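# Reading the structure
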Amino acid sequence: MSLLAARLTPLYVSENHMTSVFHQQGSRPPVRGHLLYVSISVTLTTHNVQLWFVFPCPEKDVNGDTLWVWCFPSVASDLRKVLLSKCCLTQDARDFHTFVFGQFCRTWYYITTVEVQEPTALNKVTHFSIVVTAKDFNPEKYAALSRILCRMYIKHGSPVKMMEAYVTVLTKGMCQSDENGSFLIKDYDVRKAYLAGSVKDVVSQFGMETIILYTALMLKKRIIVHHPRIEALLEFTRVLPTLTWHRKDWSILHPYVHLSDPELEDLKKCPGYVAGFVDPEVSNRLDLFDVYVNLPDGVITVSQSAKESMAMGKLHKDIGHLIVQSAEDAERSDSQVIKDISVKTKEILANLMALADKCEDSKITLEGLKQHHFPPATENFLFHLAAAEQLLRI
Amino acid sequence: MEEVDKILIHALKQVGTEVSEDTASVKHLTGELIVEAVARCIRVIDPGLGSPLPTSLPPGMSARFRVGTSLAQACQDIGYKGEIGYQTFLYSNEPEIRSLLMFLVEKLPRERAEASDQPTGKSVVLQRAVAAAIKAQLAVPWLPPNCRLPLHAETQSPVALHCFHAQPLSLPHCSKGPGKDPLREVQDYQREILPPVTAQPSHHASVVAYILEQHAAELSAAQEWDNEWNSQGLLSRLTPQEYRSRKLIRLRKRVEEQLHSAALPSAEGDFGPRSTSDLSDLLQAFRGSTPSDHILAKGSNFTHTQKFTFTQQPAAAVTGPSVPAGHQSESDVQLRQQEEQLSLQQQFQHLCSEFEELAADMKHMRVTNAQVLDELKQRELGNSENEEKMQLKKKTIDLLPDADNNLLKLQALVEASANRVVNLASQWEKHRAPLIDEHRRLKEICSNQDLESSRKLSEMKSLHDKIRVSTEEAKRKEEIYKQLVTELENLPQDASRSAYTQRILEIVNNIQKQKEEITKILSDTKELQKEINSLTGKLDRTFAVTDELVFKDAKKDESVRKSYKYLAALHENCNQLIQTIEDTGTILREIRDLEEQAMLMLPSVTSHQ
């Protein structure tokens, strides 16, 4: 028992990590993602959810004061700095973003900002933001949670009620919301989050050039997307990892990055990423990307250093055609398009595995590839793909 | 009085007198302090006068007397007009001391403002800002980790520490050779490809280490050169360039000798060109036999020139032995040349193929490196996740035996913790809300004060402007005044002003009188005219009445008719008389006018003649 007590004290004494134990009633549906099952009916989650508030004092509308209000558990100072920079209340620009999310140091953060309109229990507050951090990618879930928490805060004017709701979410996986009904974690499946974006839009904007994005993602290259509006950026970048559905890896996604040292350091630690920038200056940072996507103009550029490894041939043309055809078909839905792409990807990977099996210790070498006399672009692509899929002999 | 004293004491402290903090007025100064203060002031004011003066009173009475008189004398020499003597210092009283100190303090040379002396400019401003920032950071005391505030985070937390790892940087001005310009290719490279110093290190945090190392190396090289120059260079009485070139020649000779001695044994009987492996052997031999002479180990300039001479010498050594054998026949020479050419071509092709192999290897390495790093990262993440899972499972397994009970207990614990959290939250909120209100209130006060102060500032500014404008006005008026004063002085002095003023006053008086007379005359004339008018009117009326009366009776009576005729004639004659008088008057006026005109015409007529 004391062990347990020791384990649970981190609930309110803070370090960055928090584990909580909660009880699931009835039979459990199979939930994927970060929930594990153990034979006793206890579900464990490494669910790291933190809350902040920020709101300005409206006595001066010119220089509104922005204050940290609440923080549970605690937040490291560098993460705090990054979050402050992301929160639109601290920026000089007047644009107001309702919901923004991003990743920093393998932690996902979801920021909801609300403008306080009618006279409420909160006086002297014009805007406030709630930041929720978690280890998993699920914008819809945390947006819904934040909305409930925001409404609670507005209604009661004090964060204590919010804390209660949040603790119930942590411990029970659900909480009552203002409207009839409740918020249940299990309603928000991570697959739905992955599939929430629209691949068809991407393909309709870029046409055959989508193959460049596909190749870059398959070869784990660094893609940078620029758009002046953060919402468009978030929408576009979250779709890109669906092109490599077999990996289901959204940790490469950094949808909202600023050109600041700590964030760029963190970005450089990842070998391949999809990063979204609002700042147009990023196009000058040739050291940061292999592929640059200028979203408003619809232009994709490949940097000089990556041109050699991203050379494309007949194989790519075929894949490109497949993608475009599948997307243009009005009868097929987004998830079906993704499925088509992933089927083709699996085919290529199966071929690669077959090639690997022929070599000793099932690892591919360049000489082995050369023996098959592929056209040079295909050979190059397969070589780099083998490295990306860790099939290359070292 | 207190303020004067404060100023005096402050000035004395600046001069160097050790005045303790709580002496607030002159009367608290002891005799020794007074003597010390006066002596120091005199020293500052006039060093020649003040240096023999002691700063402390000696114990003996006669010595004290002497010191007092010398101090008094010195003060008088400086120009103190008041009464001063040995008694001022030995038996001091407050007002005398105060006036003496005031005099001395005023005599102290004014401190020049520091800022106006120092040069300004962007780099100096930047340097000063850097110095101020470093000073401020050094002034922050070290705190143990638990007590640290966020302001210490940048300088004291372990995150701020990085290991000191330095490698050489390439800077464009390194080749400070004997005045020749670097090659165009080198310049192009330096301009276009060489990354700036802050981008050269592999890790951003080690930029400081690199720069410190580079700077230290350059500094020590410069110092060594200075030392050498001051010790040996000046003795040789050459200019720096000559000294350097002589040193270069000396070193070159030494290198030549060494190479010759190393190359000669193998040069006999071998006419062909050297291959690269022989050259490296040569260099190896040379390096092994280098004497440890401290002159050779001097700064970077000389290592560079050494290297340059190095590459030339082996070529010279190589061609050396082959020269004596050049007296062979022409065909042999040609053959040898062809052989050389062939072997060089082979070498070149070999090098090319090696280069391609290396390029392919590099590419392969890069790709496999990426794969390995990727795998490593994934495995690390997987490891940490697995560790966590294992911990959790272990704990759960420990609880397994008594599953139901433990489950209930867990639930209860969870609920209790949740309640506790909420409780703490509400407590904190209670604590926080008044603090936030206080914060807001203070901010409001602060902003109000800001408004006030900015308003006052603008008022002050406007006042300053007004002052400026009025000073300019005053200056202008003064100038005008000066001008007029000089003009006045320059005017001829013979015509006295009083005469003019007298005349003017007289004229004014005259005019005044004339004006009075004129007004009188005018009023008289008006009266006369009025009388005339009334009389004329009366006359007319009387005549009309009389005329009627008489005419009425004139029809009947003869005498009345005659009187009527006389009346009419009288009236007529009187009218004529009046008319004549009036005409006379008019003519007289005309005469006067014409006379005036004639007077006016006279000068022009005379001038015309």
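Our subject is the structure listed above.
Described in the following lines is the structure provided in the data block. All residue numbers here refer to positions counted from 1 along the written sequence of the relevant chain. Starting at A for chains and at 1 for ligands, labels are handed out in the order in which the entities are written. Owing to the predicted nature of the model, reporting of local features is limited to residues with pLDDT of at least 70; listing and counting of side-chain atom pairs is limited to 80 or more, with chain, interface and lining totals taken over all residues. Heavy atoms from the whole structure form the basis of all side-chain values; hydrogens and water molecules are not counted.

Residue and element names in this part refer to chain A. Spatially, 12-13-11-14-15 is the arrangement adopted by the five strands of the open sheet, whose pairing is mixed. Where the open sheet ends on each side, the last strands, each with one partner, are strand 12 (253–257) and strand 15 (299–302). Mean inter-strand twist for the sheet, computed between neighbouring axes without regard to direction, equals 15°. Two strands pair under a simple rule: DSSP has to find at least two bridges between them. Strands here are runs of E lasting at least two residues and helices are runs of H or I lasting at least four, both read from the DSSP assignment and numbered beginning at the N terminus. In this structure, strand 11 (residues 222–226) lies alongside strand 14 (residues 291–294), joined through four bridges in parallel fashion. From the neighbouring strand, I223 faces strand 14, where its bridge partner is V291. Axis definition: a line fitted to C-alpha atoms, limited for helices to the stretch in contact. Angles are taken between N-to-C directions and run from 0 to 180 degrees.

All names here are of chain B. We define a salt bridge as a contact between a side-chain nitrogen of Lys or Arg and a carboxyl oxygen of Asp or Glu at a distance within 4 Å. All chains considered together, the criterion is met by 31 salt bridges over all chains. A salt bridge links R379 to E375, with the shortest nitrogen-to-oxygen separation between them at 2.9 Å. Residue R379 and its partner E375 are located together in helix 15 (residues 330–399), separated by four residues, close to a single helical turn. Using a relative accessible area of 55% as the deciding quantity, one classes R379 as exposed. A salt bridge links R441 to E438, with the shortest nitrogen-to-oxygen separation between them at 2.8 Å. Here R441 and its partner E438 are both found in helix 16 (residues 403–490), three residues apart, which amounts to about one turn of the helix. For R441, a relative accessible area of 42% puts it in the partly exposed group. Classification of E438 by relative accessible area gives partly exposed; the value is 35%. Linked by salt bridges that have partners in common, E452, R455, K456 and E459 make up one network. Buried, partly exposed and exposed residues are distinguished by accessible area as a fraction of the type maximum, computed with a 1.4 Å probe on protein chains only: under 20%, between the cut-offs, and over 50%, respectively.

All names here are of chain A. Counting buried residues in helix 7 (residues 210–218) gives nine out of nine residues, a clear majority hidden from the surface. Residues of helix 7 that are buried: T210, I211, I212, L213, Y214, T215, A216, L217 and M218. Of the residues trailing helix 7, K220 is marked for its positive phi of about 55°.

Moving on: unusual backbone geometry. All names here are of chain A. The phi angle at R106 is positive, at roughly 60°, despite the residue not being glycine. Of note in this structure, Q390 is not a glycine but carries a positive phi near 60°. Within the fold, Q390 resides in the segment after helix 14 (376–388).

Here the focus is the nonpolar core. Nonpolar cores were defined as sets of buried Ala, Val, Leu, Ile, Met, Phe, Trp, Tyr and Cys residues, with membership established by side-chain atoms within 4.5 Å. The biggest cluster of nonpolar side chains holds 102 residues, and the ones touching the most others in it are L213, Y214, I223, F236 and V293 of chain A. By definition, residues are in contact when any of their heavy atoms lie within 4.5 Å. Setting aside its immediate chain neighbours within four residues, I223 of chain A contacts L213, A216, L217, Y273, V274, A275, V291 and V293 of chain A. In this structure, L29, A37, A39 and L53 of chain B belong to the second largest nonpolar core, which totals 34 residues.

Residues and elements named next belong to chain A. It is at 9 Å that the axes of helix 11 (residues 314–328) and helix 12 (residues 334–358) come closest, and there the two elements cross at 160°. When the axes of helix 11 and helix 12 are compared, the pair comes out roughly antiparallel. Crossing geometry of helix 11 relative to helix 12 is assigned as right-handed. Of helix 12, the residues touching helix 11 (which contributes I319, L322, I323, S326 and A327) are V337, D340, I341, K344 and I348. Note on terminology: angles under 35 degrees are roughly parallel, angles over 145 are roughly antiparallel, angles of 65 to 115 are roughly perpendicular, and the others are oblique. Crossing handedness follows the turn of the near helix against the far one: under a right angle anticlockwise gives a left-handed crossing, and clockwise gives a right-handed one.

Without a salt bridge and with relative accessible area above 30%, a residue can belong to a patch; like charges are then joined within 9 Å and nonpolar side chains (Val, Leu, Ile, Met, Phe, Trp, Tyr) within 5 Å. Reported accessibility uses the Shrake-Rupley method at a 1.4 Å probe radius. Residues are deemed covered only where the shown protein chains occlude them. Residues M61, F65, Y86 and Y91 of chain B make up a contiguous nonpolar surface patch of roughly 430 Å² in combined accessible area. Relative accessible area serves as the criterion here: at 38%, F65 of chain B is assigned to the partly exposed category.

Assignment of secondary structure puts D290 of chain A in the loop between strand 13 (273–277) and strand 14. When near neighbours in sequence (up to four residues on either side) are disregarded, D290 of chain A contacts K221, R222, T301, V302, S303, S305 and A306 of chain A.

Moving on to a positive patch on the surface. Residues and elements named next belong to chain A. Positive charge collects at one region of the surface, where R191, K248, K339 and K346 lie side by side. When you line up the elements, K248 lands in the loop between helix 8 (230–239) and strand 12. For K248, a relative accessible area of 35% corresponds to the partly exposed category. For the purpose of counting charges, residues Lys and Arg are taken to be positive, whereas Asp and Glu are taken to be negative. His and the chain ends are not included. We put the charge of a Lys on NZ, of an Arg on CZ, of an Asp on CG and of a Glu on CD.

From the geometry alone we can't say anything about function, so treat these as descriptive.
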